[in-house]
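Each chain is listed here by its residues.
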Amino acid sequence: MVDRVTHAYEGPLAVFLIGLRVHKPWRVGVVGTAVRAMPRMVVELERNKAAAARGEAESLGYLGSRSTVNGLGTTMIQWWRSVEDIYAYANAEPLEHRPAWLDFYRAVRTDPTAVTIWHETYAVSAAESVYAGPAPFGLASIAGTVPVGRRGDTARERIVHG
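Below: a short report on this structure. (Residues numbered from 1 in each chain as written. Predicted model: local features only at pLDDT ≥ 70, side-chain atom pairs only at ≥ 80, totals over all residues. Heavy atoms only, no water.)

### What about the overall build of the chain?
What the chain contains, in helices and strands, is six helices and nine strands. With the principal axes as the frame, the chain shows a C-alpha extent of 55 × 35 × 25 Å. The buried share among the 162 residues of the chain stands at 40%. In the chain, the proportion of contacts linking residues at least 24 apart, taken out of those at least 6 apart, comes to 73%. Counting only carbon and sulfur atoms, one obtains 57% of the accessible surface of the chain, whose full area is about 9,500 Å². (Helix = DSSP H or I, 4+ residues; strand = E, 2+ residues; numbered from the N terminus. Buried < 20%, exposed > 50% of the residue type's maximum accessible area, 1.4 Å probe, protein only. Contact = heavy atoms within 4.5 Å. Areas by Shrake-Rupley, 256 points an atom, 1.4 Å probe, with all protein chains shown as cover.)

Structural data, given as structure tokens:
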């Protein structure tokens, strides 16, 4: 029998989806600018997360992320403590997001139809998960797992309110 687990995270939660869709791959300047921005931001967020865990920095609220690739596009799923933390990071002058957006806007002026950048932000009031198999995905891969029985056997029993 496969063990069933659920995520161990408890507390406020926001999910941020951000993606890039390439329409004109030959527009290397625009595409390159868009593609290079996200890795720098994720490195910054992961470094902050590690420093905060060691007590060396105040947490930005970023919990972790996972990327998917589909055709000429990519989507990143990010988990945050709150929507407010996402907005605070996006608007913090000394951090990577602001300069990345300014670089993108300058590059896209040369061809506004070369790429689409998009994002969706969700404030999560309740989260439920179950994983069966050797490698949890999503929130459980970031927050760890607990046995399903600890929270309940049904989806309704497993819901954790933020």
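After presenting the structure, the write-up continues.
### Structural notes on the sheet that holds strand β8 (residues 145-147)
In a beta sheet, neighbouring strands are held together by backbone hydrogen bonds and run either parallel or antiparallel to one another. With antiparallel pairing, three strands are arranged side by side in an open sheet as β7-β1-β8. Strands at the two margins of the open sheet, each flanked by one partner only, are β7 (131-132) and β8. Pairing of strand β1 (residues 4-7) with β7, which is carried by two bridges, proceeds in the antiparallel orientation. Looking at the pairing, valine 5 lines up with tyrosine 131 of β7. (Pairing = 2+ DSSP bridges.)

### Focus on the environment of leucine 13
Tracing the sequence through the fold places leucine 13 in strand β2 (residues 13-22). Of the residues examined, leucine 13 reaches a relative accessible area of 8% and is grouped as buried. In this structure, the C-alpha to C-alpha distance between leucine 13 and alanine 57, residues 44 residues apart in sequence, is 20 Å. Residues within four places of leucine 13 in sequence aside, it is in contact with Leu63, Trp79, Trp80, Arg81, Tyr122, Ala123, Val124, Ala127 and Leu139.

### Digging into the pairing of strand β3 (residues 62-70)
Successive residues of a regular strand alternate their side chains across the two faces of the sheet. Inspection of the sheet shows β3 paired to strand β4 (residues 73-80) by eight bridges, in the antiparallel sense. Bridge assignment links asparagine 70 to a residue of β4, and that residue is glycine 73.

### Brief notes about the pattern of salt bridges
Pairing between side chains of opposite charge can happen when their charged atoms approach one another. Following the criterion strictly, the structure yields seven salt bridges and no others. Where arginine 40 meets glutamate 96, a salt bridge forms, and the shortest distance between an N and an O atom there is 3.3 Å. Separated by 56 residues along the polypeptide, arginine 40 in helix α1 (residues 28-53) and glutamate 96 in the loop between α2 (83-91) and α3 (97-108) bring together distant segments of the chain. In this structure, arginine 106 and aspartate 103 form a salt bridge, with 2.6 Å as the shortest nitrogen-oxygen distance. Taken together, the residues span about one helical turn, with arginine 106 and aspartate 103 both in helix α3 at a distance of three residues. The class of arginine 106 is partly exposed, set by a relative accessible area of 46%. Beyond isolated ion pairs, a larger network of salt bridges with shared partners links Lys24, Arg27 and Asp111. (Salt bridge = Lys/Arg side-chain N within 4 Å of Asp/Glu carboxyl O.)

### What to know about α2
Taken together, the buried positions of α2 are Val83, Asp85, Ile86, Tyr89 and Ala90. When α2 is viewed along its axis, its buried side chains cluster within an angular range of 160° and face the same direction. (Arc of directions from axis to C-beta.)

### Some words on the environment of proline 134
In this structure, proline 134 sits in the loop between β7 and α4 (139-143). Proline 134 sits 107 residues away from arginine 27 along the chain, and the two C-alpha atoms are 42 Å apart.

### Observations regarding the sheet that holds β2
One open sheet holds the four strands; their spatial order is β3-β4-β2-β5, and the pairing between them is antiparallel. Two strands close off the open sheet at either side, each with one partner strand: β3 and β5 (115-124). Ignoring which end each strand starts from, the neighbouring axes of this sheet average 15° apart. Taken together, the eight bridges between β2 and β4 define a ladder with antiparallel strand orientation. Within β4, the position partnered with leucine 20 by the bridge is threonine 74. Strand contacts of α1: β2, β3, β4 and β5, with the helix running at about 150° to β3, the strand carrying the most contacts. (Axes fitted to C-alpha atoms, helices over the stretch in contact; angles between N-to-C directions.)

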